[in-house]
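# Reading the structure
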Amino acid sequence: MSPAERFARPGIDAALVVEAWRTAWSRITRAWPALALEESEIAAFIAERLEGEDPVAALAACPAEDLALAAQCARGEPAAHQAFERYLGAVEQTRVSGAPPHLLDEVKQLLRVQLLVSGERAAGIVAYRGKGPLRAWLRIIATRELVRLVRRDPRNKDTALEELALATTGDPALDQLKATYRVEFAEALREAIGDLSFEDRLLLRQQIADQLSVDQIGVAHGVHRGQARGRGVCAQRHWQRL
């Protein structure tokens, strides 16, 4: 099946569909000359998301360039992830009452993990349907996450790390010590975690609680594998000191 045939509809002139796809594909290749674009894969990605009975009109109206970027991000292409960073700048325009500036950084990290990191499930960016510009879609998600973070009780910010640290270890002596002094230990742990920088706390949650791999941490922070490994080693050292 040719790329254009994916958009075929009964009663629609095939030649017009072919021309509409050629125009959309031209827009995509001009927008992303540095990406390793596979026309058939991009066409399949867009065709699954195109709505309406008239594919000619739908192709002309859809943000084909944004959908192509989303497709490449979903494939895990590093160059696409780098291009995504420019789109992520739209998050800076997100405003929620009561949100301190540093929360925007956390939101951007969350979006990288939610949208770009894949594992047992596909990367979350496949949920982008192209009903509007990608930047607008990102701002909507960022606003939702920012509201959630503002409403979150700061005292529960690192409960995942706290629960892991307080869990049994298999060492009877250490487990007995934790059980006896659980309240004191938990308070000291919260204080120690609170003294860490925002980035160090985030790294600890991602590596220890979320169990992200080095590659996934690299995607989440927009850095290459070597930098991600170095940051992971630092996070492990912080965890051991805690």
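Here, every reference points to the structure presented above.
Let me begin by describing the structure that accompanies this report. (Residues numbered from 1 in each chain as written. Predicted model: local features only at pLDDT ≥ 70, side-chain atom pairs only at ≥ 80, totals over all residues. Heavy atoms only, no water.)

### What about the overall build of the protein chain?
A count of helical and extended segments in the protein chain gives 13 helices and zero strands. Split into buried and exposed, the 242 residues of the protein chain put 43% on the buried side. Pairs at least 24 apart in sequence give 68% of the contacts found in the protein chain among residues at least 6 apart. With the model as given, the accessible surface of the protein chain reaches about 13,200 Å², and the carbon-plus-sulfur share is 52%. (Helix = DSSP H or I, 4+ residues; strand = E, 2+ residues; numbered from the N terminus. Buried < 20%, exposed > 50% of the residue type's maximum accessible area, 1.4 Å probe, protein only. Contact = heavy atoms within 4.5 Å. Areas by Shrake-Rupley, 256 points an atom, 1.4 Å probe, with all protein chains shown as cover.)

### Focus on the nonpolar core
With 49 residues, the main nonpolar core has F7, W21, I28, W32, I42, I46 and L69 as its most contacted residues. Mapped by element, the contributors of at least two residues to this core are helix 1 (14-31), helix 2 (39-47), helix 3 (55-61), helix 4 (64-75), helix 5 (78-88), helix 6 (102-116) and helix 7 (134-151). Those residues in contact with I46 that sit more than four places away from it in its chain are F7, W21, I28, L59, C62, A64 and L67. (Core = buried A, V, L, I, M, F, W, Y, C linked by side-chain atoms within 4.5 Å.)

### Notes on helix 4
In this model, helix 4 (twelve residues) spans 17 Å end to end at C-alpha, consistent with the 16 Å of a helix rising 1.5 Å per residue. In terms of burial, helix 4 is largely enclosed, as nine of its twelve residues are buried. Looking only at helix 4, the buried set comprises A64, D66, L67, A68, L69, A70, A71, Q72 and C73. Residues of helix 4 that are buried sit in contact with helix 1, helix 2, helix 5, helix 6 and helix 7. Immediately downstream of helix 4, the backbone of G76 shows phi near 85 degrees, a positive value. (Expected span 1.5 Å × (residues − 1).)

### Considering the side chain of R49
Note on placement: R49 falls in the loop between helix 2 and helix 3. In this structure the side chain of R49 is engaged in a polar contact, spanning 2.8 Å, whose partner is the backbone oxygen of F45. A distance of 3.1 Å separates the side chain of R49 from the backbone oxygen of Y128, its partner in a polar contact. Among residues more than four places away in sequence, those in contact with R49 are L67, V126, Y128 and R129. (Polar contact = N/O pair within 3.5 Å; in protein donor to acceptor, adjacent residues only side chain to side chain.)

### Considering the packing of helix 2 against helix 4
Contact geometry of helix 2 with helix 4 gives a least axis separation of 9 Å together with a crossing angle of 110 degrees. With respect to helix 4, the axis of helix 2 lies roughly perpendicular. Along this stretch, helix 2 crosses helix 4, giving a crossing that reads as right-handed. Seen from helix 2, the contacting residues are E41, I42, F45 and I46; seen from helix 4, they are A64, L67, A68, A70, A71, Q72 and R75. (Axes fitted to C-alpha atoms, helices over the stretch in contact; angles between N-to-C directions. Parallel < 35°, antiparallel > 145°, perpendicular 65-115°, else oblique. Left-handed = near helix turned anticlockwise from the far one by under 90°.)

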